[in-house]
Amino acid sequence: MVTAARRFSQAISEGDGISLIVEVGGPEDARRAEDDGAEAVLVDGGSVHELAGIREATSLPILFYWDGEQPDALEGADACVVEAGGDRDREWLERVHGELGDRFELAFRISDEERLESALEDFDPELFVLAAPDEEGDDALERVLDLLPDVPAGKLAIAELPGSGREDVAELERAGVDAVIVGGAPPTL
């Protein structure tokens, strides 16, 4: 299912600067995100029924925020965000990795150093979504930036910062983050 033309990690690692991943809810959002310069789109689990239309509407790679959907229901997605924090244990992650890892690129969503270290030891993923789910504004930005040094060279770091603006994106880019998830329209850089 992962094709060379739509490989998610390749899209966000190419070129200069930080890549923008725009959260979309349907095909029109995806077209608009592509026209506005996004390098990938994010679809959450509530929009799984929109995947086929989004795939038709854009040539951008699709990152899907996985929430237990069957792999066959994810036709059109290129990569999946998998929660690797909170109450998720190693056994659960092994099962998910086995179910999805052969069909999609996996981005482990991490919110603390302990989970990052464990994910590296147990799975050695290429993609990390650095998140601060319990923080807002500058605190969330600082939390994501605190996690960044623990991501080894050669791995791709994606920041998840709800409500991030142009200044936040610029700071993430200076720090070496590869991509940032933004809601709706990408911020003007």
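As a reminder, the structure under discussion sits directly above these lines.
Figured I'd write up the structure that's included with this text. (Residues numbered from 1 in each chain as written. Predicted model: local features only at pLDDT ≥ 70, side-chain atom pairs only at ≥ 80, totals over all residues. Heavy atoms only, no water.)

### Remarks on the overall build of the protein chain
Logical step 1: Scanning the protein chain from terminus to terminus reveals 7 helices and 8 strands.
Logical step 2: Radius of gyration (C-alpha) of the protein chain: 15 Å, near the 16 Å computed for a compact globule of 189 residues.
Logical step 3: Looking at the protein chain as a whole, 49% of its 189 residues are labelled buried.
Logical step 4: Long-range pairs, those at least 24 residues apart, make up 52% of the contacts in the protein chain between residues at least 6 apart in sequence.
Logical step 5: When the accessible area of the protein chain is evaluated, it comes to approximately 8,900 Å², of which 41% is carbon and sulfur surface.
Logical step 6: Of the side-chain charges in the protein chain, 15 are positive and 47 negative, and the distance between the mean point of each set is 4 Å. (Helix = DSSP H or I, 4+ residues; strand = E, 2+ residues; numbered from the N terminus. Rg over C-alpha atoms; globule rule 2.2 N^0.38 Å. Buried < 20%, exposed > 50% of the residue type's maximum accessible area, 1.4 Å probe, protein only. Contact = heavy atoms within 4.5 Å. Areas by Shrake-Rupley, 256 points an atom, 1.4 Å probe, with all protein chains shown as cover. Lys, Arg positive; Asp, Glu negative; His and termini not counted. Charge placed at Lys NZ, Arg CZ, Asp CG, Glu CD.)

### Here we look at unusual backbone geometry
With glycine set apart, most residues show a phi of negative sign, and most peptide bonds adopt trans.
Logical step 1: In this structure, Asp124 takes a positive phi of about 50 degrees despite not being glycine.
Logical step 2: Mapping Asp124 onto the fold places it in the loop between α5 (113–122) and β6 (127–131).

### Let's talk about a negative patch on the surface
Logical step 1: Residues Asp134, Glu135, Glu136, Asp138, Asp139, Glu142 and Asp146 make up a contiguous surface patch of negative charge.
Logical step 2: Looking at the element boundaries, Glu142 is found in helix α6 (residues 137–147).
Logical step 3: For Glu142, a relative accessible area of 41% puts it in the partly exposed group. (Patch = residues over 30% accessible without salt bridge, like charges linked within 9 Å, V, L, I, M, F, W, Y side chains within 5 Å. Salt bridge = Lys/Arg side-chain N within 4 Å of Asp/Glu carboxyl O.)

### Overview of the nonpolar core
Logical step 1: Ranked by size, the top nonpolar core spans 50 residues in total, and within it Leu74, Leu100, Phe108, Phe128 and Leu172 carry the most contacts.
Logical step 2: Take this core: its biggest share by element is 5 residues, from α6.
Logical step 3: Excluding anything up to four places from it in sequence, Phe128 contacts Phe108, Ile110, Leu116, Ala119, Leu120, Val151, Lys155, Leu156, Ala157 and Ile158.
Logical step 4: By size, the runner-up hydrophobic cluster in this structure holds 15 residues, among which are Ala40, Leu63, Val81 and Leu156. (Core = buried A, V, L, I, M, F, W, Y, C linked by side-chain atoms within 4.5 Å.)

### Details of the packing of α6 against helix α7 (residues 166–175)
Logical step 1: Relative orientation of the contacting elements α6 and α7 amounts to 15 degrees, with a least axis distance of 11 Å. The angle between α6 and α7 places the two elements in the roughly parallel class. Of the two possible hands of crossing, α6 and α7 adopt the one that is right-handed. Packed against α6, whose contacting residues are Leu141, Glu142, Val144 and Leu145, the element α7 presents Asp168, Glu171, Leu172 and Ala175 at the interface.
Logical step 2: Class assignment for the residues of the contact of α6 with α7 results in 5 nonpolar, no polar and 3 charged. (Axes fitted to C-alpha atoms, helices over the stretch in contact; angles between N-to-C directions. Parallel < 35°, antiparallel > 145°, perpendicular 65-115°, else oblique. Left-handed = near helix turned anticlockwise from the far one by under 90°. Nonpolar A, V, L, I, M, F, W, Y, C, P; charged D, E, K, R; others polar.)

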